[in-house]
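# Overview (structure and organization)
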Amino acid sequence: MNAVMQDGFGRQIDYLRMSVTDRCDFRCVYCMAKNMTFLPRQQVLTLEELQRLATLFVGLGVRKIRLTGGEPLIRPGIVGLCRNIAALPGLRELVMTSNGSQLGRLARPLAEAGVKRMNISLDSLDGQKFRAITRNGDLDQVLGGIEAARGAGFERIKLNCVVMKGRNFDEVPALVQYAIDQHIDISFIEEMPLGDVGRSRGESFCSSDEVRALIASHHRLLDSTENSGGPARYVRLERHPDTRIGFISPNSHSFCGSCNRVRMTVEGKLLLCLGQDDALDLRGLLRRYPLDDQPLIEAVQKALRGKPLRHDFTAQGEVQIVRFMNMSGG
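Residues numbered from 1 in each chain as written. Predicted model: local features only at pLDDT ≥ 70, side-chain atom pairs only at ≥ 80, totals over all residues. Heavy atoms only, no water.

The name an unreviewed UniProt entry assigns to the chain is GTP 3',8-cyclase, from the organism Pseudomonas frederiksbergensis. UniProt lists a comment for the chain under the heading Function (unreviewed entry), and it reads "Catalyzes the cyclization of GTP to (8S)-3',8-cyclo-7,8-dihydroguanosine 5'-triphosphate." As its UniProt record puts it under Sequence similarities (unreviewed entry), the chain is described as follows: "Belongs to the radical SAM superfamily. MoaA family." (UniProt positions renumbered as here; feature names shortened; annotations may be inferred.)

So, on to the overall build of the chain. Within the chain, the secondary structure is distributed over 10 helices and 12 strands. In the chain, which comprises 330 residues, the proportion classed as buried is 57%. At a minimum sequence separation of 6, the contacts of the chain that also span at least 24 residues come to 73%. For the chain, the exposed surface amounts to about 13800 Å²; the carbon and sulfur share of it is 48%. (Helix = DSSP H or I, 4+ residues; strand = E, 2+ residues; numbered from the N terminus. Buried < 20%, exposed > 50% of the residue type's maximum accessible area, 1.4 Å probe, protein only. Contact = heavy atoms within 4.5 Å. Areas by Shrake-Rupley, 256 points an atom, 1.4 Å probe, with all protein chains shown as cover.)

Turning our eyes to something else, we now look at the sheet that holds strand S9 (residues 240–248). The pairing of strands in a sheet happens through backbone hydrogen bonds and is either parallel or antiparallel. Pairing is mixed in the open sheet, where 12 strands are placed in the order S7-S8-S9-S6-S5-S4-S3-S2-S1-S10-S11-S12. Lying at the two open borders of the sheet, with one neighbouring strand each, are strand S7 (221–223) and strand S12 (279–281). Adjacent strand axes in the sheet meet at a mean angle of 25° when their direction is disregarded. Of the pairings in the sheet, the one linking strand S3 (residues 93–98) to strand S4 (residues 115–121) comprises five bridges and is parallel in character. Within S4, the position partnered with Ser-98 by the bridge is Ile-120. (Pairing = 2+ DSSP bridges. Axes fitted to C-alpha atoms, helices over the stretch in contact; angles between N-to-C directions.)

To continue, consider the UniProt feature "binding site: [4Fe-4S] cluster 2" (unreviewed entry) in the chain. According to UniProt, the "binding site: [4Fe-4S] cluster 2" (unreviewed entry) feature falls on Cys-256, Cys-259 and Cys-273. Turning to its location among the elements, Cys-273 is positioned in the loop between strand S11 (269–271) and S12. Of the residues examined, Cys-273 reaches a relative accessible area of 11% and is grouped as buried.

This paragraph deals with the nonpolar core. Formed by 97 residues in total, the largest nonpolar core has its most connected members in Phe-57, Ile-65, Leu-110 and Phe-188. In this structure Phe-188 touches Cys-161, Val-163, Val-172, Leu-175, Val-176, Ser-208, Val-211, Ile-215, Ile-245, Gly-246, Phe-247 and Ile-248, once residues within four positions along its chain are discounted. (Core = buried A, V, L, I, M, F, W, Y, C linked by side-chain atoms within 4.5 Å.)

Turning next to helix H2 (residues 78–86). Regarding H2, the residues found buried are Ile-78, Val-79, Leu-81, Cys-82 and Ile-85. Here the buried residues of H2 occupy an arc of 160° about the axis, which is enough to place them on one side. Tucked inside the fold, the buried residues of H2 contact helix H1 (47–59), strand S2 (64–68), S3, helix H3 (103–113) and S4. (Arc of directions from axis to C-beta.)

Below, the discussion takes up the pattern of salt bridges. Taken as a whole and judged by the stated rule, the model has 14 salt bridges. The residue Lys-129 makes a salt bridge to Glu-171 at a minimum N-O spacing of 3.9 Å. Pair noted here: Lys-129 is in helix H4 (residues 127–134) and Glu-171 is in the loop between strand S5 (156–163) and helix H6 (172–182), with a separation of 42 residues, a long-range link. On the basis of relative accessible area, Lys-129 is assigned to the partly exposed category, the value being 26%. Given the relative accessible area of 8%, Glu-171 is considered buried. A salt bridge links Glu-226 to Arg-236; its shortest N-O distance comes to 2.8 Å. With Glu-226 in the loop between S7 and strand S8 (233–237) and Arg-236 in strand S8, this residue pair connects regions lying 10 residues apart in the sequence. (Salt bridge = Lys/Arg side-chain N within 4 Å of Asp/Glu carboxyl O.)

With that out of the way, let us pick up H4. Listed in full, the buried residues belonging to H4 are Phe-130, Ile-133 and Thr-134. Along the axis of H4, the buried residues cluster in a sector spanning 85°; they form a single face. Elements in contact with the buried residues of H4: helix H5 (139–150). Capping the start of H4, Asp-126 holds a side-chain oxygen 3.0 Å from the backbone nitrogen of Gln-128, two or three residues further along. (Polar contact = N/O pair within 3.5 Å; in protein donor to acceptor, adjacent residues only side chain to side chain.)

Here we come to the UniProt feature "binding site: S-adenosyl-L-methionine" (unreviewed entry) in the chain. Under the UniProt annotation, "binding site: S-adenosyl-L-methionine" (unreviewed entry) lies at Tyr-30, Gly-70, Ser-121 and Met-192. Position of Gly-70 relative to the elements: it lies in the loop between S2 and H2. Position of Met-192 among the secondary structure elements: in the loop between strand S6 (185–190) and helix H7 (208–216). Classification of Met-192 by relative accessible area gives buried; the value is 14%.

Quick look at the structure:
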């Protein structure tokens, strides 16, 4: 097998974000519409198919796999899948993004299965605001999940916060302080124009520069060249060395030039770019060639040569991709 995957612009692809479900126990306002229709079971990749794809991509040079959703921890069999993927020779790290609701019972089994790092979504520390943003989430349950994750033995834990004006921008300092108190990292994410969620995103859009300025009014920030293998740009806090602050800025500071990743939806579509519709249907190939990986390998390598140079997100609020975030893989 070819040990290196490169796209047509010479970018090395060594990071796969793999969705294990489109379903979620939350309905976050930036991710889904209030009433969602989920995929029928026959359209969803089986655990065996997910494992086969993970093995194939690691064989092609992927060194980091992030399991996402929807909410990955509501997928039956998730701990066993993690154990199998983490054991793949050549994989540097298996990581996961979760809403935290199930970590109270699953944090330790996941760490023992080989998940190295855990990203946990936390958009508010106010119970009523949290429920309004998630539509049905329980803040105390998530905070308990974060506590369980801290005691489970992950190498690193990071909070993810999607910042929206009129909803949680005023909570940025409190969320930073919470991360400091917990000795964990936090990233602030610009809302992405994916899916019609029933409102204008432009009205609530908040740039990373605005978030950074607000944090800088409370803390002295030190620029950092650290890289976690994804799109976040990090700063350090002068007085709190245990906590990194990350900024993920798909609208205002494109990170496309250094893109090293592709996404796999739970229905087996290989998304070459989050902000474009280019995709390769691997589910059909998986089921057409159950014992032969070579047609899949050739299709992936051919598709990568057509990976777009960049996405075209703007901050104006228009829906630019009709695919919802839960269908894109976290």
